[in-house]
Amino acid sequence: MKHTNFIHMYQLEKIQNSVQEDSVQCAESDYLWLQEDISVSDKAELLADTFEICPSVTYPMPYSRIDTGKNLIHNLIFTIIFLVIFATIRLRGKNLISGIIYAMAQRKRTVLLLNEGILPNLVFYSMGLILSFSVLAVFLSYLSIGSFFSIYSLALFGSLLFYHLTLLFTVYFLGWTFHARQIANEFIVNLWTFHIGSGLLISPFVMALFFVQEKTVSQLVTATIICLSLLMMVKIVRWFAIFFHYKVSILYMILYFCALELLPLLFLYKAVV
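Criteria and cut-off values
- Residues numbered from 1 in each chain as written.
- Predicted model: local features only at pLDDT ≥ 70, side-chain atom pairs only at ≥ 80, totals over all residues.
- Heavy atoms only, no water.
- Patch = residues over 30% accessible without salt bridge, like charges linked within 9 Å, V, L, I, M, F, W, Y side chains within 5 Å.
- Areas by Shrake-Rupley, 256 points an atom, 1.4 Å probe, with all protein chains shown as cover.
- Salt bridge = Lys/Arg side-chain N within 4 Å of Asp/Glu carboxyl O.
- Helix = DSSP H or I, 4+ residues; strand = E, 2+ residues; numbered from the N terminus.
- Axes fitted to C-alpha atoms, helices over the stretch in contact; angles between N-to-C directions.
- Parallel < 35°, antiparallel > 145°, perpendicular 65-115°, else oblique.
- Left-handed = near helix turned anticlockwise from the far one by under 90°.
- Contact = heavy atoms within 4.5 Å.
- Nonpolar A, V, L, I, M, F, W, Y, C, P; charged D, E, K, R; others polar.

## As for a nonpolar patch on the surface
(1) Moving on: On the surface, a nonpolar cluster with roughly 1,000 Å² of combined accessible area is contributed by F169, Y172, F173, L174, W176, F178, L251, Y252 and L255.
(2) Moving on: Only α7 (151-177) and α10 (250-272) provide two or more residues apiece to the nonpolar patch.
(3) Moving on: For the nonpolar patch, the element with the most residues is α7, which contributes 5 residues.
(4) Moving on: Along the chain, L255 turns up in helix α10.

Next comes the structure, spelled out in C-alpha cells:
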C-alpha cells in the first residue's frame, strides 16, 4: 500500500514539473514572439516610456537662460548708465528726444529746433550725442572684432566725436565764407538731429544683443544694419532737399558728398572690415 502511494506521489510530482517546464517554455516563446514583432522605433518608444518615471520640470513663469559670460557685468553697467542718462534727457531736456525723432522724419520740424537754438540745450544735445555714438561704437566694435567693449570701441567712439566736431566746424566755416549762414545753420541742426537719432533708434537692437541667445544674434545684427542704412538714405535725401531748396550749385553738392559724407564712410568701412 505504501509502495502504491509512493508511486502516485512520484507521478504527481512529475506531472507538476512537466507543467512548470511547459509554462516556462510558453513564456519564453511568447517573449521571443513579441521581440520579433516589435520594430526598432517601437523598441525606442518602449524604452523611453519605460524609463520616463519623473515628470519634466515646469516653470511658473516664462524662462530663458541668460548667458553668464565674462562680459555680462560690463553689459549691465553700460545698459544702466545708458538708461539713466536717457531718462535724464527725457525728463529735463524739454521734449528733446521726441523733437529730434520728428525732425528726422519731417524737415519742417527742424525749423522748431532751429528757432530754439542748440546753445540753450547744448548740455542735453551733448549727452544725447554721447549716448548715440557710444551705441554706434559698441555695435561697430562687435561687427569688427566680436567684442562690445575694448580699446577698439573707445577708438571708434573718439573717431565719431572727432568726425562730428570736424563736420560742424567745416559747415560753419563754409557758411561764413560764402555768406550762406542760413544754409549752414539748417545743416548744423540736421547734423545734430541725425547723429543723435541714429544711435538712439538702434539702441534697443544693440542692447538686446547683450542678453539674447546666439540663435537670434544674426537677426538682430541684420535688423540693425537695415535700420542704419535706411537712416543714411533719409539723411542723403534731406541734404538734397536742402540743397535744392536754397538752389546750391550741383558742383558744391558733389564736393560736399564726396569730401564730407562718402570719404568718412569709406574710412569707417575699412576700419570695421
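## A short note on the packing of helix α3 (residues 72-92) against helix α6 (residues 122-145)
(1) Moving on: Where α3 meets α6, the axes come as close as 10 Å, and the angle between the chain directions of the two elements is 150 degrees. Here α3 is positioned roughly antiparallel relative to α6, judged by the angle of their axes. The crossing of α3 and α6 is left-handed. Here F78, F82, I85, F86, T88, I89 and R92 of α3 come into contact with α6, specifically with F124, M127, G128, L131, S134, V135 and V138.
(2) Moving on: Grouping the amino acids of the contact of α3 with α6 by side-chain chemistry returns 10 nonpolar, 3 polar and 1 charged.

## Describing the side chain of K235
(1) Moving on: Mapping K235 onto the fold places it in helix α9 (residues 217-245).
(2) Moving on: The residues contacting K235, other than those within four sequence positions of it, are Y163, F194, H195 and E261.

## Focus on the side chain of T224
(1) Moving on: Within the secondary structure, T224 sits in helix α9.
(2) Moving on: For T224, the residues in contact, after removing those within four places along its chain, are F139, I202, F205 and V206.

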